[in-house]
Amino acid sequence: MSDSVPQRIAHLRGEIKRHNYQYHTLDAPLISDAEFDAMFRELQTLEMQYPSLVMPDSPTQRVGAAPRLSFTQVVHRSPMLSLNNAFSEEEVRVFDVRNRETLGVAEVEYSVEPKFDGLAVTLTYRDGIFVQGATRGDGEVGEDVTQNLRTVRNIPLRLDSARLAKPIPLIEIRGEVLMFKVDFIALNRQQADKGDKLFANPRNAAAGSLRLLNSRITSSRHLSFLAYGAGAVEGFILPHTHAEQLECLQKLSVPVPQERHVVHGLDGLLGYYQKIGELRNKLPYEIDGVVYKVNNISQQTRLGYVSRAPRFALAHKFPAEEALTTVLDIEVQVGRTGALTPVARLAPVFVGGVTVTNATLHNEEELRRKDIRIGDTVSVRRAGDVIPEVARILLERRPVDAREFNMPRTCPVCGAHVTKQPDEAIWRCSGGLFCPAQRKQALLHFASRRALDIEGLGEKLVDQLVEQKLVHTAADLYNLNLWALAQLERMGEKSAQNLLDAIEHSKQTTLARFIYALGIRNVGEATAKELARHFATMDNFMTADETRLQLVPDIGPVVAQSITTFFAEPHNVDVIAQLRAAGVQWLEQAENAVQLLPLNAKVFVLTGTLASMSRDEAKSRLEKLGARVTGSVSQKTDYVVAGAEAGTKLSKARELNITLLDEQQFLQLLNENEMSSAAG
Ligand code: IVH
């Protein structure tokens, strides 16, 4: 190993950590995403080459780990308490009077903070390293969600203890995991595109994402953390006021809320409540009130606890934001995958700081369950401050002529018939690329970064291209010319030329990208790669029937049917022909290229730790030889590679009588096959 490798790794880790902090905690990035990605990839590559240098606090450890079967339980070192709630000024006054009387002071100093609407967690740091994270559970015992919390980008994997006089041997940091409003909107948009369940609000989305058994999915969910205090601390004395303790956490690079203050007396409390109430809609995350805490820790101790809640703290909650209005009509919106969403058109009503005129009714089942009719008086809630929805109906106000709504049997935009899978709640337009609503979204998908990657072809441009009838299908993109483009709004000759260059550039692609770009339902990026690998040519793929499709790893009857349905539509086949005629191309592999690889179609499961290489490296070497690496042992598994401390997968393999390879045997198998494949 070159001497400079450990130094380079340390440098990259330091830089990545610094930029993560700038980006996720300070919201002030200093470099571009591309520069950040390049550093991250360099670190990943080095760690792959030198697995002995991988550390638990390396930023690469944030990408998630293999799915787990369940969470283990964690007993909290100090209990995670709840808060008493107040809904009126009178209750706040009583709180302040009692504090003054018990403490015998004329005025109490309070530390005040927003009440985050997320999920309580505790993070344990030993000698500054994040070693365990757990949910609140019942306050005494929670669930170990360490792997998932590692993927939360603004949680430091190592505390910046250098900024303190001495490091802290052990500290529990308490706070809330949240999903920012923008991340919630983006997630629900993705869920809708996939036809997956929508989350009702950012809190549910955060809770759902944190409690996933597969931390790789958590990693993709953009969670954030905000600390509101410390739990158990050993071998270190924290400052004597709550406000200073938060300062101290901030010094350690732990994210704490900026909207915190120190105030005095009842007026200070109510003033803060008022101020945060006005700010609420502008905050990037959801809050459901504010929290008042007696600032001085020894005063806190004197006030003590009643059952599970401290006497020294109080949550002053905001009233739920709901308002009454009437349903003027119910319409249907068509999304990218053709999903039909019923939407209530409402008489305008001011709720949660904005005027609401629409409320999503989610899907037909939801509509039936709530039995919402045109003409009904409803209470509208800005669920999660973001998407307005109907909270309840005032049946006593239902007019005699209230009309029931039925989902249309044809698409309201293009007239194609609508279909529904038996196990789904969503009706979809079958018009595919014929449907203008879907067409725009299909074009955006076709041009997206992981598909044909046409830089500069964004939403506004696609809207114009479709509305001005310059583009109907993806193939039309390749017939655009400078003259036509320069006519468009806000499109100079230079940007028009750039776009044409990007379109030209996109013609050289890969089969996997092309398949993905087609936007076949249920065919995501990973499936597209498998399909390209298996079929090697577009013609092979297009002519495969459902039985042959199901021979491809991970493809079951649902995906197979989506594919055959797509190709049964002559329009789709035409567009593909036009794209190819326009010059879109990829290297088609010799038809039997895949079959020639020595480990073709052999299924491997890796378990335990290998001394000589990382799991990623083992996986990539196997895949280069044509093998597939999966996460769980089943009858279909050919080999289980068992490294040190292999667990349940090993016993499962023994149970199913699957060939086991120890590290030595595995290396031999790799070497032999790598040689034979190089020779071939
Ligand atoms: S302090 C000893 N501060 O509210 C007091 N809690 O209803 C412990 N919460 O379980 C809690 N924001 O998850 C505190 N700024 C804040 C908070 C906060 C949200 C949550 C916390 C707690 C729940 C109690």
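For the structure itself, look to the data block above.
All figures in this text were calculated on a predicted structure; none of them were measured in a lab. (Residues numbered from 1 in each chain as written. Predicted model: local features only at pLDDT ≥ 70, side-chain atom pairs only at ≥ 80, totals over all residues. Heavy atoms only, no water.)

(A) Just the site of the ligand, in detail. Close to the ligand lie 14 residues; Glu113, Pro114, Ala120, Glu176 and Lys293 are nearest. Note that a nitrogen atom of the ligand is positioned 3.1 Å from one of the backbone N or O atoms of Phe116. Isolated, the ligand exposes 530 Å² of accessible area, and the fraction of that covered by the protein chains is 85%. Those elements that place two or more of their residues in the shell around the ligand are strand 3 (109–116) and strand 10 (287–294). Its residues placed into classes, the shell around the ligand shows eight nonpolar, one polar and five charged. (Near = heavy atom within 4 Å. Polar contact = N/O pair within 3.5 Å; in protein donor to acceptor, adjacent residues only side chain to side chain. Areas by Shrake-Rupley, 256 points an atom, 1.4 Å probe, with all protein chains shown as cover. Helix = DSSP H or I, 4+ residues; strand = E, 2+ residues; numbered from the N terminus. Nonpolar A, V, L, I, M, F, W, Y, C, P; charged D, E, K, R; others polar.)

(B) Spotlight on helix 17 (residues 525–535). Within the span of helix 17, buried status applies to Ala528, Glu530, Leu531, Ala532 and Phe535. Summarising the contacts, the buried residues of helix 17 are in contact with helix 16 (511–517), helix 18 (538–543), helix 19 (546–549), helix 20 (557–568) and strand 22 (628–630). (Buried < 20%, exposed > 50% of the residue type's maximum accessible area, 1.4 Å probe, protein only. Contact = heavy atoms within 4.5 Å.)

(C) Geometry of the sheet that holds strand 22. In spatial order, the strands read 22-21-23-24; together these four strands make up an open sheet with parallel pairing. What marks the edges here is a single partner per strand, and that holds for strand 22 and strand 24 (659–661). Averaged over all adjacent pairs, the angle separating strand axes in this sheet is 30 degrees, with direction ignored. Note: strand 21 (residues 603–607) against strand 23 (residues 639–642), four bridges, orientation parallel. Counterpart to Leu606 in the pairing with strand 23 is Val641. On the sheet, helix 23 (residues 615–624) packs against strand 21 and strand 22 and is oriented at approximately 170 degrees with respect to strand 21. (Pairing = 2+ DSSP bridges. Axes fitted to C-alpha atoms, helices over the stretch in contact; angles between N-to-C directions.)

(D) The arrangement of the environment of Val74 in detail. Mapped onto the fold, Val74 is located in strand 1 (residues 73–75). A residue is classified by how much of its surface remains accessible, and Val74, at 9% relative accessible area, is buried. Along the chain, Val74 and Asp144 lie 70 residues apart, while their C-alpha atoms are 5.8 Å from each other. Not counting residues within four places of it along the chain, the set of residues in contact with Val74 comprises Gln132, Ala134, Glu140, Val141, Gly142, Glu143 and Asp144.

(E) Structural context of the packing of helix 12 (residues 436–447) against helix 13 (residues 459–467). Closest axis-to-axis distance for the helix 12/helix 13 pair is 10 Å, and the angle between their directions is 130 degrees. With respect to helix 13, the axis of helix 12 lies oblique. For the crossing formed where helix 12 meets helix 13, the hand is right-handed. Each of Arg439, Lys440, Leu443 and Leu444 in helix 12 lies in contact with helix 13, whose residues at this interface are Glu459, Val462, Asp463, Val466 and Glu467. By residue class, the composition of the contact of helix 12 with helix 13 is four nonpolar, no polar and five charged. (Parallel < 35°, antiparallel > 145°, perpendicular 65-115°, else oblique. Left-handed = near helix turned anticlockwise from the far one by under 90°.)

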